[in-house]
Amino acid sequence: MEMFSFYNVENLFLPDPKPLHRLDPTKSGLKGWDEKRYRNKLFKISHVFQLIKEENGALPFLIGLSEVSGRKVLEDLVEMEPFNSEYGIVHYNSMDERKVDVAMLYHKDKVEIIDSETITFFFEIINRKNTENYDTTRDVLFSKIKYKETVVNVFIAHLPSKREKDVNKPKRDFILNEIRNRILKIVGSEKEHVILCGDFNENPDDENLVKILYDNKQEKVLVNPFQELFNTRNYSTFHYKSGLLYDQIIISKSLFDNDALSFQSAHIFNSEKISSQVRNFEGRPFRTYAGTRYLGGYSDHFPVFVKFEENKNINKKVENEKFK
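Summarised in this report is the structure supplied together with it. What you see is a predicted model; the values in this text were computed from it and never measured. (Residues numbered from 1 in each chain as written. Predicted model: local features only at pLDDT ≥ 70, side-chain atom pairs only at ≥ 80, totals over all residues. Heavy atoms only, no water.)

1. Regarding the overall build of the protein chain
Of the regular secondary structure elements, the protein chain holds 6 helices and 18 strands. Relative to a compact globule of 324 residues, whose C-alpha radius of gyration would be 20 Å, the protein chain shows 20 Å and is just as compact. Taken across its 324 residues, the protein chain has 53% of its residues classed as buried. Within the protein chain, counting contacts between residues at least 6 apart in sequence, those at least 24 apart form 69% of the total. Taken as a whole, the protein chain presents about 16,900 Å² of accessible surface, with 46% of it coming from carbon and sulfur. (Helix = DSSP H or I, 4+ residues; strand = E, 2+ residues; numbered from the N terminus. Rg over C-alpha atoms; globule rule 2.2 N^0.38 Å. Buried < 20%, exposed > 50% of the residue type's maximum accessible area, 1.4 Å probe, protein only. Contact = heavy atoms within 4.5 Å. Areas by Shrake-Rupley, 256 points an atom, 1.4 Å probe, with all protein chains shown as cover.)

As structure tokens, then:
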């Protein structure tokens, strides 16, 4: 059994330098973000994956992350248990205004990185004075990896949020359409496997995430196993009273019958150990901040993961190839 995971870790920044004046804005935008709180945050995130390992018998071999700021925070994270420096990092700085990016961690003994790049988006700003004439958002991270002779194309996204009457919807539409076009080329002409994961700021039944599953002939090329979880009221995050499943992992149909990786099941890791214990918020993620108030929790999202069943015959085949 192998696992692929995605986790929005809620604002993983390096500690802020001490301000010259008490009311000076901080680099992170967080209140009181010092070394102690940073180290506690790293411990909390690593502990989440320790719990996943304890409950499932292994760590995910690939991990998508969002809301990380810079490579150093990832280097600090993978040095900790349960990663123990066995995981490599794929990360690029984006032009996001909040300086948060997506990234991928991979088990160095299991995964070979063939190629990686960012997909960057620029949007024209209309009717805004005294600013540049374009707006940026978080990059989409693309990686082509090899796992036991199987090539998989991985897209990791954190799409613009729903706020101010969903002013960002046209951006999400555009980004998802671009990702869809790339995926159709990969599964169509290149005949390779695809995993698309991220915080989409949309639920599985929203139009964009339904459309992306089909090619131009309306034939299904991707499967979203988180649709069923959402239909049965399983959520990864919350907004006021609404449960949301913005965090999803979408896979190509070819990964349902593959020698090395064959889809088995989808999960939201909503363990009580990383959930809020406050009566009105029971069953919700125990977050790091609520507005400007520091709570000291894990994240405002639960991690999600999918399990793949390994074909034992492929393991023997790989071993045999070593001795030829």
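2. As for the nonpolar core
Core analysis: the biggest nonpolar cluster contains 66 residues, and Leu105 and Ile249 have the highest contact counts within it. By residue number, the principal contributor to this core is helix α1 (residues 35–56), which donates 7 residues. Excluding residues that lie within four positions of it along the chain, Ile249 makes contacts with Phe4, Ser5, Phe6, Ile195, Leu196, Cys197, Asn224, Pro225, Phe226, Val304, Phe305 and Val306. Counting 24 residues, the second largest nonpolar core, distinct from the first, contains Ala157, Leu159, Leu184 and Ile250. (Core = buried A, V, L, I, M, F, W, Y, C linked by side-chain atoms within 4.5 Å.)

3. Some remarks on the sheet that holds strand β18 (residues 304–309)
Pairing is mixed in the open sheet, where 6 strands are placed in the order β3-β4-β2-β1-β18-β15. In this open sheet, the two strands that pair with only one neighbour each are β3 (87–91) and β15 (262–268). Taking the axes of each pair of neighbouring strands and ignoring which way they run, one obtains an average angle of 20 degrees across the sheet. In the sheet, strand β1 (residues 2–12) pairs with β18 via 5 bridges, with the strands oriented antiparallel. Within the sheet, the bridge partner assigned to Met3 lies in β18 and is Lys307. Of the strands in this sheet, β1, β2 (62–68) and β18 are in contact with α1, which crosses β1 at around 160 degrees. Packing against the sheet, helix α2 (residues 71–78) makes contact with β1, β2, β3 and β4 (101–107), and its axis sits at approximately 165 degrees to β3. (Pairing = 2+ DSSP bridges. Axes fitted to C-alpha atoms, helices over the stretch in contact; angles between N-to-C directions.)

4. Brief notes about the packing of aromatic side chains
Enumeration over the complete set of coordinates arrives at 14 aromatic pairs. Ring centres of Phe142 and Phe155 lie 5.0 Å apart, and the angle between their planes is 50 degrees; this geometry places the pair in the tilted category. Here Phe142, found in strand β8 (residues 140–147), pairs with Phe155, found in strand β9 (residues 150–158); they are 13 residues apart in sequence, far enough to count as distant. You can call Phe142 buried: its relative accessible area is 9%. The exposure class assigned to Phe155 is buried, which follows from its relative accessible area of 1%. For the pair Tyr289 and Tyr294, a centre-to-centre distance of 5.3 Å together with 65 degrees between the ring planes defines the contact as edge-to-face. Tyr289 gets classed as buried once you look at its relative accessible area, which sits at 5%. Judged by its relative accessible area of 24%, Tyr294 falls in the partly exposed class. Joined through ring pairs, the aromatic side chains of Tyr7, Phe49, Phe83 and Tyr87 make up one cluster. Sitting over the ring of Tyr294, Arg37 keeps its end group 3.9 Å from the ring centre. Above the face of the Tyr298 ring, Lys44 is positioned so that its terminal group lies 5.5 Å from the ring centre. (Phe/Tyr/Trp six-rings, centres within 6.5 Å; stacked < 30°, edge-to-face > 60°. Lys NZ or Arg CZ within 6 Å of the ring centre and 35° of its normal.)

5. Overview of α1
Spanning 22 residues, α1 covers 32 Å between terminal C-alpha atoms, matching the ideal 32 Å at 1.5 Å per step. Residues Tyr38, Lys41, Leu42, Lys44, Ile45, Ser46, Val48, Phe49, Leu51, Ile52 and Asn56 constitute the buried set of α1. The inward-facing, buried residues of α1 abut β1, β2, α2 and β18. Positive backbone phi, approximately 85 degrees, marks Gly57, located one or two places after α1. (Expected span 1.5 Å × (residues − 1).)

6. Section: the environment of Thr118
Mapped onto the elements, Thr118 comes out in strand β5 (residues 111–119). Along the chain, Thr118 and Met104 lie 14 residues apart, while their C-alpha atoms are 12 Å from each other.

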